[in-house]
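Topology and contacts: notes
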Amino acid sequence: MKAFMDKDFLLETETAKHLFHQYAEPMPLADYHCHLNPKEIYEDRRFDNLVQVWLGGMKNGVLAGDHYKWRMLRSNGVDESYITGNQPPFQRFLKLAEALEMAIGNPMYHWCHLELQQFFGVTEPLTTESAPRIWEHCNNLLQNDPDMTTRGLIRKANVAFIGTTDDPIDNLQWHEKIAADPTIDVLVCPSFRPDKALQIRKDGFAEYMMKLAQTVGKKALNTVDDVCDALNDRICYFHAHGCRASDHGFEEVVPFRPVSMEEANAVYQKAMSGKPVTPEEAEGYQTVLMLAMSKTYHRLNIAMQIHYSCLRNTNARMFRLLGPDAGFDAIAQNTCGKNIFALLSALDETNQCPKTILYSLNPADNEQLGTLIGSFQGSELPGKIQHGSAWWFNDNKTGMEEQMISLANLGLLGNFIGMLTDSRSFLSYARHDYFRRILCNLIGKWVENGEYPNHESSLQKIVEGISFTNAKRYFDI
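A few points on the structure. Every residue gets a number counted from 1 within its own chain, in the order that chain's sequence is written. Selection of residues for local features in this predicted model requires a pLDDT of at least 70, selection of side-chain atom pairs for listing and counting requires 80 or more, and totals for whole chains, interfaces and linings are taken over all residues. Hydrogens are left out, water is left out, and the side-chain values use all remaining heavy atoms of the structure.

Attention now moves to the packing of aromatic side chains. Only Phe, Tyr and Trp rings take part, Trp by its six-membered ring, and two of them pair if their centres are within 6.5 Å. Stacked means planes under 30 degrees apart, edge-to-face means over 60, and tilted covers everything else. Scanning all chains against the criterion turns up 20 aromatic pairs. Ring geometry for Phe93 and Trp135: centres 5.0 Å apart, planes at 35°, overall tilted. Linking Phe93 in helix H6 (residues 89-101) with Trp135 in helix H8 (residues 131-144), this pair joins segments that are 42 residues apart in sequence. Here the two residues Phe93 and Trp135 agree in accessibility, since each one is buried. Ring geometry for Tyr268 versus Tyr285: centroids 6.1 Å apart, planes at 5°, classification stacked. Taken together, the positions of Tyr268 in helix H14 (residues 261-272) and Tyr285 in helix H15 (residues 279-300) put the pair 17 residues apart, joining distant regions of the chain. Only protein chains enter the accessibility calculation, which uses a 1.4 Å probe. A residue is then buried if its area is under 20% of the maximum for its type, exposed if over 50%, and partly exposed in between. For Tyr268, a relative accessible area of 0% gives the class buried. Runs of E in the DSSP output that reach at least two residues are strands. Runs of H or I that reach at least four are helices, and both are numbered from the N terminus.

Only strands that DSSP links by at least two bridges are regarded as paired with each other. Spatial ordering of the open sheet is given by E1-E4-E5, a layout of three strands whose pairing is parallel. Single-partner strands in this sheet number two, and they are strand E1 (29-31) and strand E5 (187-189). Across this sheet, the average inter-strand angle for adjacent strands is 5°, counted without regard to direction. Geometry is summarised by axes, namely lines fitted to C-alpha atoms with helices restricted to the contacting stretch, and by angles between N-to-C directions that run from 0 to 180 degrees.

Position of Arg193 relative to the elements: it lies in the loop between strand E6 (191-192) and helix H11 (195-198). We call two N or O atoms a polar contact when they sit within 3.5 Å, provided that within protein one can donate a hydrogen and the other can accept it, with sequence-adjacent residues counted only if both atoms are side-chain atoms. Polar contacts involving the side chain of Arg193 include one to the side chain of Asp195, which spans 2.7 Å. Here the side chain of Arg193 touches Asp247 through a polar contact of 2.5 Å, side chain to side chain.

Here's what the structure looks like:
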């Protein structure tokens, strides 16, 4: 029987162990898509206890924390007051320990214990019996160890690059402060997330567009041309602040419905006057904006990330209570491959297709994405169009393996830009370790099965590339 999560955790062959310890483990991390708060990085926040950094909760009317853990607790029948509420911290921690004992086979079990190992030196399993002493040990470090602040946790995880997620109307003041502080040695860059400008059918759209207008020094954005100009202005502003990537989160499908500027403008006027917009009208408006922004991304060498196939806020009662991003989302079952093909093809016609990373929350789309990306690669750099890493509900052992096997079958796994956390937690960097172990185990099996030669320099190039250097090249770190 193997020891519990020892140094060779998930590494089943001697080749896998060698590849991980020799090449993957020492590499820095490029966490190119996350939801960390740059203000907390600049201020070097210190957490009072493990629940603050693990579960979070409501702070100043804003809910923030790790919704993966929230879902696990709800699955164990825990009352919401212990999950996102204001119950005493240790009682919340006990509820987490109780739920974790039931999480056999769930990646949360591995993630939590990797975080305990890597950041706190805790190697025993978290149970209701061990919870009091683990709580005391971790809290003592969080409160007293000078290296257990947000910046210290980043250094401990060997992070070289962080791409946060930022709204076009953000003034990026905290990014400016980070860039001007010589004591911060990690590269922290904003990522352009213009979802609110595209969500023309959602409540609050007109109010948001007024804020966007004010941000670019106008009283109003009267036409779609004005909207495109404003977004282009903000992309350039972000680029001047080091932006390496944009991010577009489409709830179910990626839009592509070519319309004239006049048609798009008529739809925009309807929305701004408070009239309802049909899904087809919205798709035309969104297509105009996506084409315009994509061309700016290409010109400025900004990577375009597109996430899709997600059902958001499925529990209406809890959405009213907690708002979005609270752990009540699900995988959508649809396909929009034709739309993605059409979008990239339209950009390719004028040689203005940007670097693009495509993520579907539905793993059934793996093969489609694997074939799609091969149609639009370019000579600018290897792997210009990427099948993004197993995302959200798929960033588990099975999901990661399936995504990488699909990419290997249909493309070039060696050019893959690897893992991201997509997280709001400063301890989530342990997920990169998890990914790298799964990667090395997969490659190790292929080598030991005679499917790839035991050629050291080639294997080193592949493992180090997927672990870090491909992302370093892709995002010009």
